[in-house]
Structures are given as structure tokens and as C-alpha cells.
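Structural overview
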Amino acid sequence: AIEYDCFNSLELMPSLELKKIKNLYSAGQSNGSSGYEEAAAQGIMAGINAGLRMQGKEPLVLKRSQAYIGVLIDDLVTKGTNEPYRMMTSRAEYRLLLRQDNADLRLTPIGYEVGLIDEQRYQTFLRKKELIQKEWERIQTVHFGNTPEVQDLLTSCGSTPLKNGISMVDLIKRPELNYDVLAPIDHDRPELSQDVREQVNIQIKYEGYIRRQESQVKQFLKMENKKIPGDIDYSKIKSLRLEAVQKLSSVRPESVGQAARISGVSPADISVLLVYLNVSRETSHKEEEQ
């Protein structure tokens, strides 16, 4: 039998720095995770944040809506773990946005900002992003009539023939059709690389689902942006349940969003916390004005 010792992951900050030992970062199995990918994900983040600390910069903390790394680390430092933690897609609330095909669109700007992406690669990325946007905008203006050419293509793909004109966007959204299939009737289509065409197709075909999830992310970010003072004394907050006081005091969440994800902290506790924070801020503003 093999036994591993590990830190209590609740003793880690979202940057993977230990709360009680400044400038010490931990990654991998020592944090209670299992698997090579989990260790590598934590390793790169701990390394980035150690480097940023040396430069006197703010730490990089990826949000749950930005990357699976963000979900992994947030789960460890917010919920803790009683057994080796494995990253599974089901743990991510916004997995429709955390796709393999758009990893570069999500993370390249962040990598460039912290110095991991060189200028040439970044300019290549910006060019790809521009091509995707331009083609997306062009497609919004393309319409097809019920011409023999269009009807023949639709019939050959097992798609319902047209009675009237239709937009290219609506055709792409049909399950049996996609951006590339419509190439023979899209005469103004520019020459694009496969990865650009793939992004254009995905963004149009699943537009409704993606927008719905992006709306959920906006609500999530509102809670994430409500910061909690590091020196807050939870025991002084009236109407906060004892279990919530204990859990919040143990984890010391940095935001209301993180507090809401702690096991044992209920929505009612979060409401009480929000009222307390609002009253505290108003009191502080009045004292500053005086």
C-alpha cells in the first residue's frame, strides 16, 4: 500500500500560495489532487504566480468561466477534498464555453499578458480572431433564394427544400448542414483555414446556447467581483448560522461568489453576508466623508 501526505487544500489561496507561509506555492499531489494533468495545471499556475510575485505584480487567478484550471483550483481551495481530486468536465458549470476548440481564444490573451506568449504568436492569434469576426459578420448578411442550385444542395443533404428565401445563418443551424457544406452555393466565401471555419461554424450553429451561458457567466461575475475584506470577523455578523461562521472563517473566501460555493454555506447565509458588506461599505464611506 502507498500513502501520500498532503496539505489541507483549504489552507491555500486561489493563487496556490499557502495562507500561513508567504511566498510558498504548492502544486500537485501535495494539494490533494490525483493525476498528471491536474498536477501540471497547478504547476503552471503556481509557477506563474511565483514569477508574478517576484515582479511585484498581482497574482493570476483563472475564473471558473475561463478554464478548467480555474475550476480545479477553485474546487480545491474552496471546497477542500477528502480523497484524491480528479478534474471531470461535470464539475464545470460553464463547460459549453470551456471547449477544446476555443482554448486559444480564451487563454492566449492571458498568456500574452503574463509573458508566456511571444509577440509573433500573439499577432498570429489576433489575425485569426479578426478573420473569425469578419466572416461571422459577413454571414449575417448572406441570404439564399429557392433557386434550383440551392434546392439541389439541400435535397442532396437530406434537408427540407425552401419555399421562400432564407438566411445563411438559419441554414447553418439546421442539424444536417454546416458552414462547409454550404460552400458550393456561397459564392462570396473567402479562403479561410480549417480552424477559422470551424470557429465560425460553431459560433453560428450554437449561438443561442452560447449566449445563454454567457448570460449566466455575467451573473456569476457579479458575485465574483464582490470582494470580501481579508480581516472580516464572521462571528460578528448577526443572523449568520454557526456552521456558516465556522466554514467562512476556515476558508476565508476572497469574494462573495467563492463564499457561495463553500459546502455548508446556504443562500440565506450569502444574503446575510451581502447585507453586512453593503452596510459596512456605506458606514466606511460616511466616515471618510466626515
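Please refer to the structure placed before this passage.
Residues numbered from 1 in each chain as written. Predicted model: local features only at pLDDT ≥ 70, side-chain atom pairs only at ≥ 80, totals over all residues. Heavy atoms only, no water.

Let's talk about unusual backbone geometry
Even without a glycine there, the phi angle at Asn23 is positive, about 75 degrees. Structurally, Asn23 is set in the segment before helix 1 (36-54). (Helix = DSSP H or I, 4+ residues; strand = E, 2+ residues; numbered from the N terminus.)

Things to note about the packing of helix 1 against helix 2 (residues 68-79)
Where helix 1 meets helix 2, the axes come as close as 10 Å, and the angle between the chain directions of the two elements is 90 degrees. Here helix 1 lies roughly perpendicular to helix 2, going by the angle between them. Facing helix 1, whose interface residues are Glu38, Ala41, Gln42, Ile44 and Met45, helix 2 presents Ile69, Leu72, Ile73 and Leu76. Tallied by class, the residues present in the contact of helix 1 with helix 2 amount to 7 nonpolar, 1 polar and 1 charged. (Axes fitted to C-alpha atoms, helices over the stretch in contact; angles between N-to-C directions. Parallel < 35°, antiparallel > 145°, perpendicular 65-115°, else oblique. Contact = heavy atoms within 4.5 Å. Nonpolar A, V, L, I, M, F, W, Y, C, P; charged D, E, K, R; others polar.)

Brief notes about the environment of Ser255
Looking at where Ser255 falls in the secondary structure, it is placed in the loop between helix 9 (242-251) and helix 10 (256-260). With a relative accessible area of 2%, Ser255 lands in the buried category. Not counting the four nearest positions on each side in its chain, Ser255 is found in contact with Met223, Glu224, Lys226, Lys227 and Ile228. Here Gln258 takes part through its backbone nitrogen, which lies 3.2 Å from a polar atom of the side chain of Ser255. (Buried < 20%, exposed > 50% of the residue type's maximum accessible area, 1.4 Å probe, protein only. Polar contact = N/O pair within 3.5 Å; in protein donor to acceptor, adjacent residues only side chain to side chain.)

Quick look at a nonpolar patch on the surface
On the surface, Leu96, Tyr206 and Tyr209 cluster together into a nonpolar patch covering about 300 Å² of accessible area. Relative to the helices and strands, Tyr206 is located in the loop between helix 7 (194-205) and helix 8 (207-224). Overall, the relative accessible area of 38% leaves Tyr206 in the partly exposed class. (Patch = residues over 30% accessible without salt bridge, like charges linked within 9 Å, V, L, I, M, F, W, Y side chains within 5 Å. Areas by Shrake-Rupley, 256 points an atom, 1.4 Å probe, with all protein chains shown as cover. Salt bridge = Lys/Arg side-chain N within 4 Å of Asp/Glu carboxyl O.)

Points about the packing of aromatic side chains
What the rule picks out here adds up to 3 aromatic pairs. Aromatic side chains Tyr112 and Tyr122 sit 3.7 Å apart centroid to centroid with 5 degrees between the ring planes, which places their arrangement in the stacked category. You can see Tyr112 sitting in helix 3 (residues 103-113) and its partner Tyr122 sitting in helix 4 (residues 119-139), a full 10 residues away along the chain. In this structure Tyr122 comes out as buried when scored by relative accessible area, which is 16%. Pairwise contacts between aromatic rings join Tyr112, Tyr122 and Phe125 into one cluster. Between the NZ or CZ atom of Arg91 and the centre of the ring of Tyr85, over which it lies, the distance is 4.2 Å. (Phe/Tyr/Trp six-rings, centres within 6.5 Å; stacked < 30°, edge-to-face > 60°. Lys NZ or Arg CZ within 6 Å of the ring centre and 35° of its normal.)

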